[in-house]
Structures are given as C-alpha cells and as structure tokens.
Amino acid sequence: MTYNNLLSKLPPHSELHYLSDADSEYQSSEHKYILFSYTTDMPETIASLKQHNIDYTIKTDSFDLDYILI
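Residues numbered from 1 in each chain as written. Predicted model: local features only at pLDDT ≥ 70, side-chain atom pairs only at ≥ 80, totals over all residues. Heavy atoms only, no water.

(A) Structural view of the side chain of histidine 31. Within the secondary structure layout, histidine 31 lies in the loop between β1 (17-18) and β2 (33-36). One polar contact links histidine 31 to serine 28, side chain to side chain, over a distance of 2.8 Å. Polar side-chain contacts of histidine 31 include one of 3.3 Å to the side chain of threonine 57. (Helix = DSSP H or I, 4+ residues; strand = E, 2+ residues; numbered from the N terminus. Polar contact = N/O pair within 3.5 Å; in protein donor to acceptor, adjacent residues only side chain to side chain.)

Now the structure itself:
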C-alpha cells in the first residue's frame, strides 16, 4: 500500500511517517509505516485500520507511549 493510499484511509490530521525515518528504537523489518499516539486519535485510527483490513501492531516505547506499526 502506498503512503497516500494509506493516509487516505486514516482519520484526518493523522501524522503518518515512514518507519525508515524513525529512531532505531522503532525499527521493524516487517513494517513500513509508523503512527505515534501523540499525533493521532488512537481509537479512531485503530477503528479505521480494522475497517480497511490493514494489518498493524501496537507497541510501547521507552517513554511509555504507544505507537502503531503498519
């Protein structure tokens, strides 16, 4: 899925980032994009990802903040 296609399926004002641009703490060879909990509405985003059958993983970083890997 392309960046623009994925972004169009997310709630407005979601800040989608390429995982390659994120710190090493967030890296995953199985994912391409990342959403941070402080830049998106988590419940609305998760509902949208489920609605569009988009695989995702929720993790917590060293600052105890959640993020979504896609």
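Moving on from the coordinates now.
(B) Region of the structure containing the packing of aromatic side chains. Using the criterion set out here, one finds six aromatic pairs in the structure. Judged by centre distance (5.1 Å) and plane angle (20 degrees), the rings of tyrosine 3 and tyrosine 18 are stacked. Residue tyrosine 3 is found in helix α1 (residues 3-9), and its partner tyrosine 18 is found in strand β1; the two are separated by 15 residues along the sequence. The exposure class assigned to tyrosine 3 is partly exposed, which follows from its relative accessible area of 25%. Classification of tyrosine 18 by relative accessible area gives partly exposed; the value is 35%. With a centroid separation of 5.5 Å and 20 degrees between ring planes, the pair formed by phenylalanine 36 and tyrosine 38 is classed as stacked. Taking the relative accessible area as the measure of exposure, phenylalanine 36 reaches 10% and is therefore buried. (Phe/Tyr/Trp six-rings, centres within 6.5 Å; stacked < 30°, edge-to-face > 60°. Buried < 20%, exposed > 50% of the residue type's maximum accessible area, 1.4 Å probe, protein only.)

(C) Spotlight on the sheet that holds β1. With antiparallel pairing, the four strands of this open sheet are ordered in space as β1-β2-β4-β3. The open sheet has two edge strands, β1 and β3 (57-60), and neither has a second partner. Pairing of β3 with strand β4 (residues 66-69), which is carried by four bridges, proceeds in the antiparallel orientation. Bridging across to β4, threonine 60 finds its partner in aspartate 66. Here helix α2 (residues 42-51) sits on the sheet in contact with β2, β3 and β4, set at roughly 20 degrees to β4. (Pairing = 2+ DSSP bridges. Contact = heavy atoms within 4.5 Å. Axes fitted to C-alpha atoms, helices over the stretch in contact; angles between N-to-C directions.)

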